[in-house]
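Residue-level structural notes
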Amino acid sequence: MNDRRISDNMEQLLNKQMTREAYQAQVYLSYGSWAEVNSFGGIATFLYKHSNEEREHMFKFLKYINDRGGSATIEAIAAAPVNPKNIGECLNAILQHEIDNSKEIDKIVNLAHEEKDWATFSFGQWFVKEQIEEESLIKDVIDKYNLASTATSQNHNLYDMDKDLASASQEGTLPREESL
Ligand SMILES: [Fe+2]
Ligand SMILES: [Fe+2]
């Protein structure tokens, strides 16, 4: 019995996204290491934790491809970007990576819609929601950074922000789930 439940095009796109999530993990890992070397241990912890989340995303794609009768193909991961100049540049680069990633997720949902592949459409919705959360999570961190770095006693504020991020949640709040 043929248990293949995804098209060749979909298998290819899902595989590409699996590798892209592994790349996202590398980005967070590399920025985390940069932050650690530059004495921002809290920010490093936050970024390391997030690197693990991205690795879990990668694994979700692997499982889904295989569960639907395709095969996950492990390919080379692009090199992580060069080190940022400062925390501000680091956070803005991360936000851009997330926005770019959201656009890649949209491609999967678009193709699923075109092919009337409702299983993949539903699988993709989880990531659509996740990307809303992640973009909003990073935007919140950028807001905190902007506040901390423009106040008068800069070092003290940055120190507090760094501590804060060590225990910050990895979950963003979706606008529709927010309540007062
Ligand atoms: Fe991800
Ligand atoms: Fe992400």
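1. As for the coordination of the iron ion (ligand 1)
Each angle at a metal carrying four tetrahedral donors should ideally be 109.5 degrees, and each at a metal carrying six octahedral donors should ideally be 90 or 180 degrees. The coordination sphere of the iron ion (ligand 1), as far as protein atoms go, consists of Glu 21 (OE), Glu 54 (OE) and His 57 (ND1), spread over 2.1 Å. In primary-sequence terms, the residues that donate to the iron ion (ligand 1) follow E-x32-E-x2-H.

2. Describing the nonpolar core
Core analysis: the biggest nonpolar cluster contains 25 residues, and Phe 46, Leu 47, Leu 91, Ile 94, Ile 138, Met 161 and Leu 165 have the highest contact counts within it. Going through the elements one at a time, α1 (8-37), α2 (41-67), α3 (87-115), α4 (118-150) and α5 (154-166) are the ones with two or more residues in this core. With near-sequence residues (within four places) excluded, Ile 138 lies in contact with Tyr 28, Phe 46, Leu 91, Ile 94, Leu 95 and Glu 98. Ranked by size, the runner-up nonpolar core spans 18 residues in total, among them Met 18, Met 58, Phe 61 and Phe 123.

3. Considering α3
In this model, α3 (29 residues) spans 43 Å end to end at C-alpha, consistent with the 42 Å of a helix rising 1.5 Å per residue. Measuring from the backbone nitrogen of Gly 88 back to the side-chain oxygen at the start of α3 gives 3.2 Å, which picks out Asn 86 as the cap. Looking one or two places after α3, you find Lys 116, whose phi comes out positive at around 55°.

4. Describing the pattern of salt bridges
Scanning the model with the defined rule gives six salt bridges in all. Of the charged contacts, one joins Glu 11 and Arg 4 as a salt bridge, the two residues approaching to 3.0 Å between their closest N and O atoms. Classification of Arg 4 as partly exposed rests on a relative accessible area of 28%. Each of the salt bridges in this network shares a partner with another, and the network as a whole consists of Arg 4, Asp 8 and Glu 11.

5. Focus on the coordination of the iron ion (ligand 2)
Taken together, Glu 54 (OE), Glu 98 (OE), Glu 98 (OE) and Glu 134 (OE) make up the protein donors of the iron ion (ligand 2), found 1.7 to 2.5 Å from the metal. Of note is the iron ion (ligand 2), whose four donor atoms meet at the metal with angles of 54 to 142° in an arrangement that counts as irregular. Motif for the iron ion (ligand 2), donor spacing along one chain: E-x43-E-x35-E.

Calculation criteria
- Residues numbered from 1 in each chain as written.
- Chains lettered and ligands numbered in written order.
- Predicted model: local features only at pLDDT ≥ 70, side-chain atom pairs only at ≥ 80, totals over all residues.
- Heavy atoms only, no water.
- Donors = N, O, S within 2.8 Å, 3.2 Å for Na, K, Ca; no water.
- Core = buried A, V, L, I, M, F, W, Y, C linked by side-chain atoms within 4.5 Å.
- Buried < 20%, exposed > 50% of the residue type's maximum accessible area, 1.4 Å probe, protein only.
- Helix = DSSP H or I, 4+ residues; strand = E, 2+ residues; numbered from the N terminus.
- Contact = heavy atoms within 4.5 Å.
- Expected span 1.5 Å × (residues − 1).
- Polar contact = N/O pair within 3.5 Å; in protein donor to acceptor, adjacent residues only side chain to side chain.
- Salt bridge = Lys/Arg side-chain N within 4 Å of Asp/Glu carboxyl O.
- Tetrahedral: all angles 85-135°; square planar, octahedral: opposite > 155°, others 65-115°.

Geometry only, nothing functional implied.
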